[in-house]
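A structural walkthrough
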Amino acid sequence: MSSDAGTIVDPDTYVHGVPYEALARLRRDTPVVWMDEPAVDDWPAGPGFWAVLRHADVKRVLRNPRVFSSQLGATQIRDPATPAALAYVRRMMLNLDPPEHSRLRGLLTRAFTPRAIARLEARIAGWARELVAAVAPRGECDFAKEVAADLPLLTLAEVFGVPAQDRWLMFDWSNRVIGYQDPEYAVSAHADAAGSTELARRALRLRPRPDPAGRMPDPRTREGMPDLYAYANALGEYKRRNPGDDVMSNLMHHVDADGGRVGIEEFENLFWLFSVAGNETLRNGLPGGLLALMSTKDVQRTLRADRSLLPHAVEEMLRWWTPVMHFRRTATMDTELAGVRIRAGDKVVVWFSSANRDEHAFDDPDSFRPDRFPNDHLTFGHGPHFCLGAHLARVQMRAMFDAVLDLLGEVELAGEPVRLRSNFQNGIKHLPIRWKPQQPPQL
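These lines cover the structure that appears in this document, whether it is placed above or below. (Residues numbered from 1 in each chain as written. Predicted model: local features only at pLDDT ≥ 70, side-chain atom pairs only at ≥ 80, totals over all residues. Heavy atoms only, no water.)

The subject of this paragraph is the overall build of the chain. Looking only at helices and strands, one finds 17 helices and 12 strands in the chain. For 443 residues, the compact-globule estimate of 2.2 N^0.38 gives 22 Å, and the C-alpha radius of gyration of the chain, at 21 Å, lies within 12% of that figure. With respect to the three principal axes, the spread of C-alpha positions in the chain is 75 × 55 × 50 Å. By sequence separation, contacts in the chain at least 24 residues apart represent 72% of the contacts at least 6 residues apart. Total accessible area on the chain is roughly 18,300 Å²; 53% of this is exposed by carbon and sulfur atoms. Charge-centre separation for the chain: the mean point of 55 positive side chains lies 3 Å from the mean point of 58 negative side chains. (Helix = DSSP H or I, 4+ residues; strand = E, 2+ residues; numbered from the N terminus. Rg over C-alpha atoms; globule rule 2.2 N^0.38 Å. Contact = heavy atoms within 4.5 Å. Areas by Shrake-Rupley, 256 points an atom, 1.4 Å probe, with all protein chains shown as cover. Lys, Arg positive; Asp, Glu negative; His and termini not counted. Charge placed at Lys NZ, Arg CZ, Asp CG, Glu CD.)

Dropping the structure here:
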């Protein structure tokens, strides 16, 4: 394995930033490249995989589930530890292929009714302004922790009909699943029984503790997340008996074309997916987007003067930062990609953080250009698994940066960002910023 390939799979690399230069060299020389899977921390070595680095090749893989399956080996590079663990993760929508994936996605799409979406959008705008207004008089804050973390939690709590005081459970769950390579996030325990609902208190009693060596159980297994599944099971049963006007209540009562409904186990797995993927992606997209805005004061001034550019700027933030860096497929048959022979059973990993900087798809790809249009980024994926939450993510980002531009003015770094140790999620744990507090109007 080349030194560039070794750099890309090492989670320690990402504490210092995404290795865009290494990805660019590989993309130019070998756009579909074989990579070894060395042992990482307590995770054993694996058989290796094909990394797909060019934009066009990534799209080809993602739109062809018949050849490149999500379900055969699931969607993480590392294989589940046991056949039982693989069977478990295969039941998640993220790891399904058509037609099973199409059925569940169709039910979920119907649950996001126009009325539910309109109510969410109005509340998101209010929450964003409240979060920014709370720190505005201070002149400084940790944007990642004090502002960005809470908006997706509030939104997801609304989607699920989860009491707002329980939302920090989702913060901990996503930390443990996404941040399992990071010593701080792997043992995340911010949620407190005090002030939580009885449902949350019962779940917290099941929260795993580190073993004597400081290791946590595998968060990609059901056994590793007993608190999440206990909460999800009880919530699903409650929604079925006591429906509200939230999205998940809608979902539990929809009937598919064959007369079937979402089962409790399916609800549990959807709860896992939204609590983790729906939370963590945006939580890191928001500070990543702010870093993009802070790359030059001209960008902030331009957007403050012409807010009609904000939707394009948000798309460029998503491309430039790319919160989720890769996803796996497994070849179902012998095939060829970019002139490379791939055998049935091989792991094929699409690398979004490379595709979104591909010079064949984007002019000047390493620069943040808020007026870039069109912007065919792949941050939300492509094909059958295009992110269901893409619209809500865009709404949240536009609301947050509208509030930042209005209430904080020009912002700048007040210290070094602290990045997540992960080769999967392009994460920021702490982003210290400062600004000149605006004087209230004189009456």
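Okay, the sheet that holds strand S4 (residues 140-142) next. If you trace the 3 strands from one edge of the open sheet to the other, you get S4-S12-S9, paired in antiparallel fashion. Sheet topology places S4 and strand S9 (411-413) at the edges, where each strand pairs with a single neighbour. Neighbour-to-neighbour, the strand axes of the sheet open up by a mean angle of 30 degrees, direction not taken into account. Bridge analysis of S9 against strand S12 (residues 432-435) gives 3 bridges, and the strand direction is antiparallel. Bridged to Val 411 within S12 is Trp 435. (Pairing = 2+ DSSP bridges. Axes fitted to C-alpha atoms, helices over the stretch in contact; angles between N-to-C directions.)

Our focus in this paragraph is the sheet that holds strand S3 (residues 68-69). Overall, mixed pairing links the 5 strands, which are arranged S1-S2-S8-S5-S3 in an open sheet. Only two strands of the sheet have a single neighbouring strand rather than two, namely strand S1 (32-37) and S3.

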